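Okay, here's what each chain looks like letter by letter:
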Amino acid sequence: MRIRFWGTRGSIPTPGPSTTRYGGNTSCIELRTDDGTLFILDCGTGLRLLGQRLQQEPQPIVGNILLSHTHWDHTQGFAFFEPVFQEGNKFTIFAVSGVDRSLSEVLAGQMDYLYFPLTLDELQTSIIFKEIGEEAFNVGDVQVRTQFLNHTVLTLGFRITVGGATVVYAADHEPFSTNLYRAGVDNPSLDDIIHAGDRRHVEFLAGADLVIHDGQYTNAEYVNKRNWGHSAVEYVLDVAMAANVKQVVLIHHDPGHDDDFLAALEARCQDHVRALGSNLQVALGAEGLEIHLPETADQVPEDLTAQPPSTRYRPARILVADDDPGLVHFIKAVLSKDKYDILAAHNGEEAIKLALQERPDLILLDVMMPKLSGYDVAKQLRETPGFPDIPIIMFTARADEEDIMRSFELGVNDYIGKPAAPALLRSRVRRWLMRPGQETEE
Ligand SMILES: [Zn+2]
Ligand SMILES: [Zn+2]
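**With respect to the coordination of the zinc ion (ligand 1)**
Phase 1 of the analysis: Within the protein, D73 (OD), H74 (NE2), D172 (OD) and H252 (NE2) serve as the donor atoms for the zinc ion (ligand 1), at 2.1 Å.
Phase 2 of the analysis: For the zinc ion (ligand 1), the four donor atoms are set out with angles of 87 to 166 degrees between them, so the coordination reads as irregular.
Phase 3 of the analysis: Site description for the zinc ion (ligand 1): donor spacing in sequence, D-H-x97-D-x79-H.
Phase 4 of the analysis: Metal-to-metal, the separation of the zinc ion (ligand 1) and the zinc ion (ligand 2) is 3.3 Å; D172 coordinates the two. Here the residue H74 occupies a position in helix α2 (residues 72-75), and D172 occupies one in the loop between β10 (165-170) and α4 (196-205), the gap between them amounting to 98 residues. When sorted by exposure, H74 lands in the same class as D172, which is buried.

What follows is the structure, given as structure tokens:
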């Protein structure tokens, strides 16, 4: 397959003389399999130029658009994509549903008459919307697996395999914990990864020939940008090495980073992996960059149609246990935007009582509470015969690696540090309710 970068910038387009080398257009990547199947990863402003190129090719154009999420910098090019104004073309758009709105409503919203002169209904082309969650599916001979990334809105990473070649596209994504590995370990293994979310991320990337990953910041910048939903390059190199990836291309460049800064950063990243004795190839994504991955012709693709489908949006009941009334109020205010029914407990004993009585769909637990701690609550519920295997999330100011690792050992599903940005909290809760096997009761 052949991969071409049409937009590598994050957040907002940054045209101008200081961004000519790496480019100023926002996220858009073209992927062509050897048999010509077209995939478009995200619809940032780079999509406009890809559209012009496609117009010169034999018509009609048939393509698959994989949309990671609905933020502006990943959708803004859609209304300027010429092939959708042409009769006879056919596009399938795969994207996570916008929580409380359908995908077509989200895109139509961007084309409201206040923002744009044409509406979605006026497009000439055939568009099929496919709302997906964390799942796996086939497009012809191509296998696509998806996994939720850690971002401020529901966001999917895509793992695409054809003819034995695998590409992972992971934008936008933030580390789950500040450090990937527990401190003081010389040759860390997967078991030394502190947070289960980061381990899951490494497993999603495992063995890929190419990973295209959000690397908006450096570690020095990231300390002031936590909860914004993006990664520092150092984290990306660590997870790529942990996952035995062959090649990583960093994208979603910060609008404040000009060509000189990015060139220096690229050299620094390459020195860093070399100093560690790794064979990982590292590059910074640039407009026009092309990568060819050989497909070994006769591989029969695995049929993924039997995979369990992801759960779609529906109302759910959430139990919040926290002894701080202000925080309970905050969580209620944030989560009620997604129309959940929220039950509140103010200590550990009350949390267990309410959990057993009310059977919520998800539990958000503080660690330090009177009577019983969050650890005790999680342990008791996991040991209660017949209590459903619902997601339990720790939401706590305690950020020591011991606290995080102990929680996962007790059967907790996720661990979120306080303070958390409201948007990040919403998306973390939502993704647990959408995971296969986390079916909520009607
Ligand atoms: Zn973005
Ligand atoms: Zn984003």
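**Overview of the sheet that holds strand β9 (residues 156-162)**
By way of backbone hydrogen bonds, the strands of a sheet pair with one another, either parallel or antiparallel.
Phase 1 of the analysis: Reading across from one edge, β7-β8-β9-β10-β11-β12-β13 is the order of the seven strands in this open sheet, with mixed pairing throughout. Lying at the two open borders of the sheet, with one neighbouring strand each, are β7 (136-139) and β13 (281-284). Pairwise comparison of adjacent strand axes, ignoring direction, gives a mean angle of 20 degrees for this sheet.
Phase 2 of the analysis: Here strand β11 (residues 210-214) pairs with strand β12 (residues 247-251) via five bridges, running parallel. Each bridged residue has a counterpart across the sheet, and for V211 the counterpart in β12 is V248.
Phase 3 of the analysis: Strand contacts of helix α6 (residues 233-242): β11, β12 and β13, with the helix running at about 160 degrees to β12, the strand carrying the most contacts.

**Focus: the coordination of the zinc ion (ligand 2)**
Phase 1 of the analysis: Within the protein, the zinc ion (ligand 2) binds to H69 (NE2), H71 (ND1), H151 (NE2) and D172 (OD); these donor distances fall in the range 2.1 to 2.5 Å.
Phase 2 of the analysis: Coordination at the zinc ion (ligand 2) comes from four donor atoms whose angles at the metal span 93 to 167 degrees, giving a geometry best classed as irregular.
Phase 3 of the analysis: Between consecutive donor residues of the zinc ion (ligand 2), the sequence gaps follow H-x1-H-x79-H-x20-D.
Phase 4 of the analysis: On the accessibility criterion, H71 (27% relative accessible area) is partly exposed.

**Structural notes on the nonpolar core**
Phase 1 of the analysis: Judged by nonpolar contacts, the single largest core of 33 residues is most densely connected at I3 and I212.
Phase 2 of the analysis: The element contributing the most residues to this core is β9, with four residues.
Phase 3 of the analysis: Residues contacting I3, with those up to four places away along its chain left out, are I29, E30, L31, V167, L210, I212, L289, E290, I291 and L293.
Phase 4 of the analysis: In this structure, Y235, V245, C269 and L284 belong to the second largest nonpolar core, which totals 29 residues.

**Describing the sheet that holds strand β4 (residues 62-67)**
Phase 1 of the analysis: Taken in spatial order, the seven strands of this open sheet run β6-β5-β4-β3-β2-β1-β14, and their pairing is mixed. The open sheet terminates on both sides in strands that have one partner only, identified here as β6 (126-132) and β14 (290-292). The mean inter-strand angle of the sheet, taken between neighbouring strand axes irrespective of direction, is 20 degrees.
Phase 2 of the analysis: Pairing between strand β1 (residues 2-7) and β14: three bridges, direction antiparallel. Bridge pairing in β14 places R4 opposite E290.
Phase 3 of the analysis: Running at roughly 120 degrees to β6, helix α3 (residues 103-110) makes contact with β4, β5 (90-96) and β6 of the sheet.

**What about the state of the cysteines?**
Phase 1 of the analysis: For the coordinates displayed, the defined rule picks out zero disulfides.
Phase 2 of the analysis: Free of any disulfide, C28 has its nearest cysteine sulfur in C43, 6.5 Å distant.
Phase 3 of the analysis: Given a relative accessible area of 0%, C28 falls into the buried group.

**Looking at the packing of α4 against α6**
Phase 1 of the analysis: In the contact formed by α4 and α6, the axes pass within 8 Å of each other and the chain directions differ by 60 degrees. Judged by the angle between their axes, α4 and α6 are oblique. Considering only the axes of α4 and α6, their crossing is right-handed. On α6, the residues that touch D198, H201, V202 and L205 of α4 are Y235, V239 and A242.
Phase 2 of the analysis: Split by residue class, the contact of α4 with α6 holds five nonpolar, one polar and one charged.

**Description of unusual backbone geometry**
Phase 1 of the analysis: Going from Q59 to P60, the amide bond is cis rather than trans, its omega being -5 degrees.
Phase 2 of the analysis: Within the secondary structure, P60 is located in the loop between α1 (46-55) and β4.
Phase 3 of the analysis: Cis peptide bonds are those with omega within 30 degrees of zero, and the linkage from K418 to P419 qualifies with -5 degrees.
Phase 4 of the analysis: Relative to the elements of secondary structure, P419 occurs in the loop between β19 (414-417) and α12 (422-434).
Phase 5 of the analysis: Of note, the phi angle at N227 is positive, near 75 degrees, even though the residue is not glycine.
Phase 6 of the analysis: By secondary structure assignment, the location of N227 is in the loop between α5 (219-222) and α6.
Phase 7 of the analysis: If you check the backbone angles, N244 has positive phi at about 55 degrees while not being a glycine.
Phase 8 of the analysis: Checked against the element boundaries, N244 lands in the loop between α6 and β12.

**Overview of the domain arrangement of the protein chain**
Phase 1 of the analysis: Examined at the domain level, the protein chain breaks down into domain 1 (2-292) and domain 2 (317-434).
Phase 2 of the analysis: Inter-centroid distance (C-alpha atoms) of domain 1 to domain 2 is 31 Å.
Phase 3 of the analysis: Contact with domain 1, which involves 23 residues of that partner, is made by 18 residues of domain 2.
Phase 4 of the analysis: In terms of surface lost to domain 2, no three residues of domain 1 exceed I194, H195 and N227, which account for 29% of the buried area on that side.
Phase 5 of the analysis: Along the contact surface separating domain 1 from domain 2 lie zero salt bridges.
Phase 6 of the analysis: The tally of links between domain 1 and domain 2 comes to six residue pairs in polar contact (both at pLDDT 80 or more).
Phase 7 of the analysis: Here the residues of the side of domain 1 that touches domain 2 sort into 13 nonpolar, seven polar and three charged.

**A look at the side chain of D403**
Phase 1 of the analysis: Following the sequence through the fold, D403 ends up in helix α11 (residues 401-409).
Phase 2 of the analysis: In terms of polar contacts, D403 uses its side chain to reach the side chain of Y375, at 2.6 Å.
Phase 3 of the analysis: For D403, the contacting residues outside a window of four places in its chain are Y375, R398 and Y415.

Conventions and cut-offs
Residues numbered from 1 in each chain as written. Chains lettered and ligands numbered in written order. Predicted model: local features only at pLDDT ≥ 70, side-chain atom pairs only at ≥ 80, totals over all residues. Heavy atoms only, no water. Donors = N, O, S within 2.8 Å, 3.2 Å for Na, K, Ca; no water. Tetrahedral: all angles 85-135°; square planar, octahedral: opposite > 155°, others 65-115°. Helix = DSSP H or I, 4+ residues; strand = E, 2+ residues; numbered from the N terminus. Buried < 20%, exposed > 50% of the residue type's maximum accessible area, 1.4 Å probe, protein only. Pairing = 2+ DSSP bridges. Axes fitted to C-alpha atoms, helices over the stretch in contact; angles between N-to-C directions. Contact = heavy atoms within 4.5 Å. Core = buried A, V, L, I, M, F, W, Y, C linked by side-chain atoms within 4.5 Å. Disulfide = S-S within 2.5 Å. Parallel < 35°, antiparallel > 145°, perpendicular 65-115°, else oblique. Left-handed = near helix turned anticlockwise from the far one by under 90°. Nonpolar A, V, L, I, M, F, W, Y, C, P; charged D, E, K, R; others polar. Domains from an automatic or database assignment. Buried area = accessible area lost by both parts, 1.4 Å probe. Salt bridge = Lys/Arg side-chain N within 4 Å of Asp/Glu carboxyl O. Polar contact = N/O pair within 3.5 Å; in protein donor to acceptor, adjacent residues only side chain to side chain.

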